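Given next are the chains, with one letter for each unit.
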Amino acid sequence: MSEKVSHPLFARLYPRISAYADAHGSREHRRELLAGARGSVVEIGAGIGTNFRHYPTEVEQVIAVEPEPRLRSLAVRAASTARVPVDVRPGRAERLPLDDASVDVAVASLVLCTIADVPAALAEARRVLKPTGELRFYEHVRAQEPHAYRRQRILNPLWRLLGGGCNVTRDTEAALRTAGFTIETVRRFDFCPGGRPTPASPSIIGTARPTGDG
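The next point concerns the overall build of the protein chain. Along its length, the protein chain carries five helices and seven strands. When the helices and strands of the protein chain are read in sequence order from the N terminus, they spell out α-β-β-α-β-β-α-β-α-α-β-β. Against the globule reference of 17 Å for 214 residues, the protein chain gives a C-alpha radius of gyration of 16 Å, in line with a compact fold. On the principal axes, the C-alpha backbone points of the protein chain span a range of 40 × 40 × 35 Å. For the protein chain, the proportion of its 214 residues judged to be buried stands at 52%. By sequence separation, contacts in the protein chain at least 24 residues apart represent 71% of the contacts at least 6 residues apart. When the accessible surface of the protein chain is summed, it comes to about 10400 Å², and 53% of that surface belongs to carbon and sulfur atoms. The averaged location of the 24 negative side-chain charges in the protein chain is 7 Å from the averaged location of its 30 positive side-chain charges.

Now for the pairing of strand E1 (residues 39–44). Taking burial as the measure, the six residues of E1 include six buried ones, the bulk of the element. The pairing of E1 with strand E2 (residues 59–65) spans six bridges and is classified as parallel. In the sheet register, Val42 faces E2, and the bridge partner there is Ile63. Of the pairings in the sheet, the one linking E1 to strand E4 (residues 103–109) comprises four bridges and is parallel in character. Bridging from a neighbouring strand, Val41 pairs with Val105 of E4.

As a further point, take the pattern of salt bridges. If you walk through the whole model with that rule in mind, you get 13 salt bridges. Asp104 is paired through a salt bridge with Lys130; the nearest N and O atoms lie 3.2 Å apart. Taken together, the positions of Asp104 in strand E4 and Lys130 in strand E5 (residues 129–140) put the pair 26 residues apart, joining distant regions of the chain. The closest approach of N and O atoms between Glu184 and Arg209, which form a salt bridge, is 3.1 Å. Of this pair, Glu184 sits in strand E6 (residues 181–190) while Arg209 sits in strand E7 (residues 202–210), placing them 25 residues apart in sequence. Residues joined in a network through salt bridges with shared partners are Glu134, Arg136, Glu184 and Arg209.

Along the chain, the position of Asn51 falls in the loop between E1 and E2. For Asn51, the side chain forms a polar contact with the side chain of Arg30, separated by 3.0 Å. The residues contacting Asn51, other than those within four sequence positions of it, are Arg30, Leu33, Leu34, Glu43, Val107 and Ser109.

So, on to helix H4 (residues 146–162). Here H4 is 17 residues long and its end C-alpha atoms lie 24 Å apart, about the 24 Å a rise of 1.5 Å per residue gives. Taking the largest bend as the criterion, H4 deviates by roughly 55°, centred on Asn156, and proline Pro157 comes between one and four positions later. Along H4, the residues classified as buried are Tyr149, Gln152 and Asn156. Taken together, the buried residues of H4 touch E7. Looking one or two residues beyond H4, the residue adopting positive phi is Gly164, at roughly 65°.

Rules used in this analysis
Residues numbered from 1 in each chain as written. Predicted model: local features only at pLDDT ≥ 70, side-chain atom pairs only at ≥ 80, totals over all residues. Heavy atoms only, no water. Helix = DSSP H or I, 4+ residues; strand = E, 2+ residues; numbered from the N terminus. Rg over C-alpha atoms; globule rule 2.2 N^0.38 Å. Buried < 20%, exposed > 50% of the residue type's maximum accessible area, 1.4 Å probe, protein only. Contact = heavy atoms within 4.5 Å. Areas by Shrake-Rupley, 256 points an atom, 1.4 Å probe, with all protein chains shown as cover. Lys, Arg positive; Asp, Glu negative; His and termini not counted. Charge placed at Lys NZ, Arg CZ, Asp CG, Glu CD. Pairing = 2+ DSSP bridges. Salt bridge = Lys/Arg side-chain N within 4 Å of Asp/Glu carboxyl O. Polar contact = N/O pair within 3.5 Å; in protein donor to acceptor, adjacent residues only side chain to side chain. Expected span 1.5 Å × (residues − 1). Bend = angle between axes of the 7 residues up to and from the residue.

Printed below as a string of structure tokens:
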């Protein structure tokens, strides 16, 4: 599997998309996601580093993994102004460049929708987490309402084409449980920037911990 992922058009558009979402509520979602985090952190698919400014000072180090070259270069720039040490590395979620049981927190923020092999990515998150570690997730997901889910399925092929592989029909909660995580907290909501719903509006924020021995 190549360590590089290239979405040149999406990578050029994403900073504007991210800034718009942050201005309409996503900034508060990121703060909620990261509140109380401490110790060593791996951020899976860090994008342009939008989360970096929100890590609390109790975090000792963030290892930020991003496979897309243009996004990664912007993440490096964001890391230089973060309040905590951030080490931006190339790599894919399906094969994290970290040792077993080496981090306290794994962060998945608007990334599980784009990963090609979600079970492999979640297995990697379990591998690198300490036994007492936690996974924090902020994702848009499959709608629970049947009519909204039908709309997602219809629009998903075009959405994936324009959105760098973003899949709006994934049941992330089910994927976490199947991968051996126990969901401790979850908040479900519809995120509608500017008051307009989109196929990516159904969202969740929460925490999960590895179950059993892995």
